[in-house]
Amino acid sequence: MKKSLKDRINALGLSYQKEMMFLILLIVIVIALAFITYIFFKQIYFPLFIGGGGVIAVYFYLSRYSSIEKKIEKEHVDQLISLLSYFEIFISNGNNVYTSFKMLIPYAEIFIQDAINAMLMQIDVDKTIGPYINFASKFNNRTIESLMLSIYQMVDNDENSIELSEFNLLFNNIKEKHFDEMIDAHKKSLDLFNSFPLIGAGAITIILSLCIVSIIGDYINVI
């Protein structure tokens with residue numbers, strides 16, 4: 001079931017009341033600025049420009065929740081992949097899957113600790129693939145699902161050396177691809193920062209154009 005806006009805000013650890021108060025304040029400020037500029041300049045262009053800017057500001061303010069959610073999900077995936085490097089070592093040293101996951105708990109953050117504990121409790125009563133799928137679903141990531149399926153295959157085949165080698169190969173490929181994606185994402189973020197001066201120059205150009213149109217309009221009215 002899709003979460004309401006209030007549930008999403010609370011899940012992110014933010015105050016719903018403060019978020020809504022800030023949003024209302026933002027809308028009131030935009031309306032007030034649009035009204036004041038219309039009274040002062042007697043032109044509709046400035047209020048429309050301010051109103052458009054206000055709509056964009058509200059949109060970006062609300063859409064940031066999705067950005068925060070995606071960032072948190074990515075952080076969880078990044079940490080789990082890092083932890084699975086330890087899992088790979090524990091398995092290679094002769095520990096079984098259950099024990100290896102239990103050994104990860106001290107190194108994990110709260111979210112992953114809770115996810116691992118929940119999975120281990122389910123494994124105690126359910127020896128099927130169910131607990132592994134439920135664990136993967138908490139990350140909403142196909143890569144994690146593939147890794148958990150590979151781990152379950154190790155369990156289902158008594159953790160033999162062939163299944164361990166297949167997991168090591170899959171995990172190393174995924175880890176390499178994941179790090180490449182992290183590097184690409186960092187490069188894209190730097191490219192975005194480089195585009196900010198162009199955006200600022202465009203905004204200044206629009207403001208100057210509106211000012212020129214207003215001046216010309218006043219001059220025509222005087223004539």
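Just above, that's the structure.
No experiment lies behind these values; they were computed from the predicted model shown.

When you look at the overall build of the protein in this model, what are you seeing that I'm missing?
Counting its secondary structure elements, the protein contains 8 helices and 0 strands. Starting at the N terminus and walking to the C terminus, you meet the elements of the protein as α-α-α-α-α-α-α-α. Within the span of the protein, comprising 223 residues, buried residues form 27% of the whole. Residue pairs in contact within the protein that sit at least 24 positions apart in sequence constitute 57% of those at least 6 positions apart. Approximately 14900 Å² of the protein is accessible, and the part contributed by carbon and sulfur atoms is 65%.

I'm lost on the nonpolar core in this one. Help?
As a rule of thumb, soluble globular proteins bury nonpolar side chains together. Phe 87, Phe 101, Ile 144, Met 148 and Ile 151 are the most contacted members of the largest nonpolar core, which has 33 residues in total. Contributions of two or more residues to this core are made by helix H3 (45-92), helix H4 (97-104), helix H5 (110-125), helix H6 (130-137), helix H7 (142-156) and helix H8 (161-222). With 8 residues, H3 is the single largest residue contributor to this core. The contact partners of Phe 101, leaving out residues within four places of it in the chain, are Phe 87, Ile 116, Met 119, Leu 120, Met 148 and Ile 151. Core analysis: the second largest hydrophobic core is formed by 6 residues, Leu 12, Met 20, Leu 23 and Tyr 65 among them.

Is there a simple way to think about H4 in this case?
Working note: α-helix, 3.6 residues per turn, so residues spaced by three or four point in the same direction. Listed in full, the buried residues belonging to H4 are Val 97, Ser 100, Phe 101 and Leu 104. End-on, the buried residues of H4 take up no more than an arc of 100°, which puts them together on one face. Residues of H4 that are buried in the fold lie against H3, H5, H6 and H7. Residue Asn 96 occupies the N-cap position of H4, its side-chain oxygen lying 3.3 Å from the main-chain nitrogen of Tyr 98.

Would you explain the environment of Ala 11 in this entry?
With respect to the secondary-structure elements, Ala 11 resides in helix H1 (residues 5-11). When the C-alpha atoms of Ala 11 and Glu 69 are compared, they prove to be 9.2 Å apart, with 58 residues separating the residues in sequence.

How should H7 be read in this particular structure?
Here H7 contains 15 residues, and its C-alpha end-to-end distance of 21 Å stays within 8% of the 21 Å for a straight helix at 1.5 Å per residue. Those residues of H7 that sit buried are Ile 144, Leu 147, Met 148, Ser 150, Ile 151, Tyr 152 and Met 154. Put simply, Asn 141 is the residue that caps the front of H7, since its side-chain oxygen is 2.8 Å from the backbone nitrogen of Thr 143.

Any chance you could explain the side chain of Ser 100 here in plain terms?
Along the chain, Ser 100 turns up in helix H4. Within polar-contact distance, the side chain of Ser 100 engages the backbone oxygen of Asn 96 at 2.8 Å. Discounting chain neighbours no more than four positions away, the residues touching Ser 100 are Phe 87, Phe 90, Ile 91 and Asn 95.

Could you clarify how one ought to interpret the environment of Phe 167 in this entry?
Along the polypeptide, Phe 167 turns up in helix H8. Excluding anything up to four places from it in sequence, Phe 167 contacts Phe 87, Glu 88, Leu 147, Ser 150, Ile 151 and Met 154.

How should the pattern of salt bridges be read in this particular structure?
Think of it this way: side chains of opposite charge can pair up when their charged atoms draw near. The tally for this structure, following the rule as stated, stands at 3 salt bridges. Between Arg 8 and Glu 69 there is a salt bridge, with its nearest N and O atoms 3.0 Å apart. A residue pair is termed long-range when its members are at least 10 positions apart, and Arg 8 in helix H1 and Glu 69 in helix H3 qualify at 61 residues. Of the residues examined, Arg 8 reaches a relative accessible area of 21% and is grouped as partly exposed. Classification of Glu 69 as partly exposed rests on a relative accessible area of 23%. Between Glu 19 and Arg 64 there is a salt bridge whose closest N-O contact spans 3.0 Å. Here Glu 19, found in helix H2 (residues 16-41), pairs with Arg 64, found in helix H3; they are 45 residues apart in sequence, far enough to count as distant.

Help me understand unusual backbone geometry in this model?
For residues besides glycine, phi is generally negative; the peptide bonds are generally trans as well. In this structure, Asn 140 is a non-glycine residue whose phi angle is positive, near 50°. Looking at where Asn 140 falls in the secondary structure, it is placed in the loop between H6 and H7. The class of Asn 140 is exposed, set by a relative accessible area of 60%.

Is there a simple way to explain the packing of aromatic side chains in this structure?
Any pair of aromatic rings gets described here by the distance separating the centres and the angle formed by the planes. Inspection of every chain in the model, using the stated rule, returns 9 aromatic pairs. Plain terms: the ring middles of Tyr 59 and Phe 60 are 5.5 Å apart, the flat faces sit at 75° to each other, and that makes the pair edge-to-face. Pair check on accessibility: Tyr 59 and Phe 60 agree, each one exposed. Seen from their ring centres, Phe 87 and Phe 101 are 4.7 Å apart, and the 45° between their planes marks the pair as tilted. Here Phe 87, found in helix H3, pairs with Phe 101, found in helix H4; they are 14 residues apart in sequence, far enough to count as distant. As far as the burial class goes, Phe 87 and Phe 101 line up, both buried. Connected via pairs of aromatic rings, a cluster forms that spans Phe 87, Phe 101, Phe 111, Phe 135 and Phe 139. Above the face of the Tyr 61 ring, Arg 64 is positioned so that its terminal group lies 4.5 Å from the ring centre.

Quick notes on the rules
Residues numbered from 1 in each chain as written. Predicted model: local features only at pLDDT ≥ 70, side-chain atom pairs only at ≥ 80, totals over all residues. Heavy atoms only, no water. Helix = DSSP H or I, 4+ residues; strand = E, 2+ residues; numbered from the N terminus. Buried < 20%, exposed > 50% of the residue type's maximum accessible area, 1.4 Å probe, protein only. Contact = heavy atoms within 4.5 Å. Areas by Shrake-Rupley, 256 points an atom, 1.4 Å probe, with all protein chains shown as cover. Core = buried A, V, L, I, M, F, W, Y, C linked by side-chain atoms within 4.5 Å. Arc of directions from axis to C-beta. Polar contact = N/O pair within 3.5 Å; in protein donor to acceptor, adjacent residues only side chain to side chain. Expected span 1.5 Å × (residues − 1). Salt bridge = Lys/Arg side-chain N within 4 Å of Asp/Glu carboxyl O. Phe/Tyr/Trp six-rings, centres within 6.5 Å; stacked < 30°, edge-to-face > 60°. Lys NZ or Arg CZ within 6 Å of the ring centre and 35° of its normal.

As far as function goes, none of this settles anything; it's purely spatial.
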